[in-house]
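Residues per chain are reported as follows:
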Amino acid sequence: MANAQWVMQPLPLPGPVQPACCTGTVENDTTPPKITILNDILYEGNNVLKLKIEDESPLKLRGINFTQGDRNIETYLAKEQNQEYIALIKAIPPVTEIQVRAVDVNDNAARLVQQIKVVNWFDTVLSSIANNPILKIINPFGEIR
């Protein structure tokens, strides 16, 4: 039986001073990024928060924090397409405060703080069933009024 051993590959050399993300920079861009949260409500528990960060120049920094009760949690903000981003957050009623920050390569910074209502998912489902117009015209005996 042969003995195997892991061999560590050498770490890569440091890259260029300017990151690859920053090609096509608009040098006369003095406008901060525009941040928009796309969710109107959150449900108790895990949620995918969707937001949009628009800017003429590439972003060099973006981050998101949210409240979970009395705790402030920082989480990962994943890039989608068309300047849209998503983050996985866990919401606790009655509201969750979302804090988003973004800085472009020209050091224009923006920050958005927004509170989003958190509803109980089970109550929402029961309410939608109770308010279903089809159920209102059928009585408990199955006869149509």
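Residues numbered from 1 in each chain as written. Predicted model: local features only at pLDDT ≥ 70, side-chain atom pairs only at ≥ 80, totals over all residues. Heavy atoms only, no water.

1. Considerations on unusual backbone geometry
Across residues other than glycine, the phi torsion is negative in most instances, and most of the peptide bonds are trans. The omega angle of the peptide bond from P93 to P94 is 5°, so this bond is cis rather than trans. Among the structural elements, P94 can be located in the loop between strand 7 (84-91) and strand 8 (95-104). Backbone geometry places N82, a non-glycine residue, at a positive phi of 55°. Mapping N82 onto the fold places it in the loop between strand 6 (78-79) and strand 7. Residue D107 is not a glycine yet carries a positive backbone phi of 65°. (Helix = DSSP H or I, 4+ residues; strand = E, 2+ residues; numbered from the N terminus.)

2. Observations regarding the pairing of strand 9 (residues 109-119)
The pairing of strand 2 (residues 41-43) with strand 9 spans three bridges and is classified as parallel. Bridged to I41 within strand 9 is K117. Across nine bridges, the pairing between strand 8 and strand 9 is antiparallel. Opposite I98, over in strand 9, you have Q114 as the bridge partner. Count of turn residues in the strand 8/strand 9 antiparallel hairpin: four residues, of which D107 carries a positive phi of about 65°. (Pairing = 2+ DSSP bridges.)

3. Observations regarding the side chain of D104
Positionally, D104 belongs in strand 8. A polar atom in the side chain of D104 sits 2.9 Å from the backbone nitrogen of N106. Of note is the side chain of D104, whose polar atom sits 2.9 Å from the backbone nitrogen of N108. Excluding anything up to four places from it in sequence, D104 contacts D29, T31, P33, D55, S57, P58, L59 and K60. (Polar contact = N/O pair within 3.5 Å; in protein donor to acceptor, adjacent residues only side chain to side chain. Contact = heavy atoms within 4.5 Å.)

4. Some points on the sheet that holds strand 1 (residues 34-37)
The sheet built from four strands is open, its strands ordered 1-3-7-6 with antiparallel pairing. Strands with a single pairing partner mark the edges of an open sheet, and in this sheet they are strand 1 and strand 6. Pairing between strand 1 and strand 3 (residues 45-54): four bridges, direction antiparallel. Bridge pairing in strand 3 links I37 to L51.

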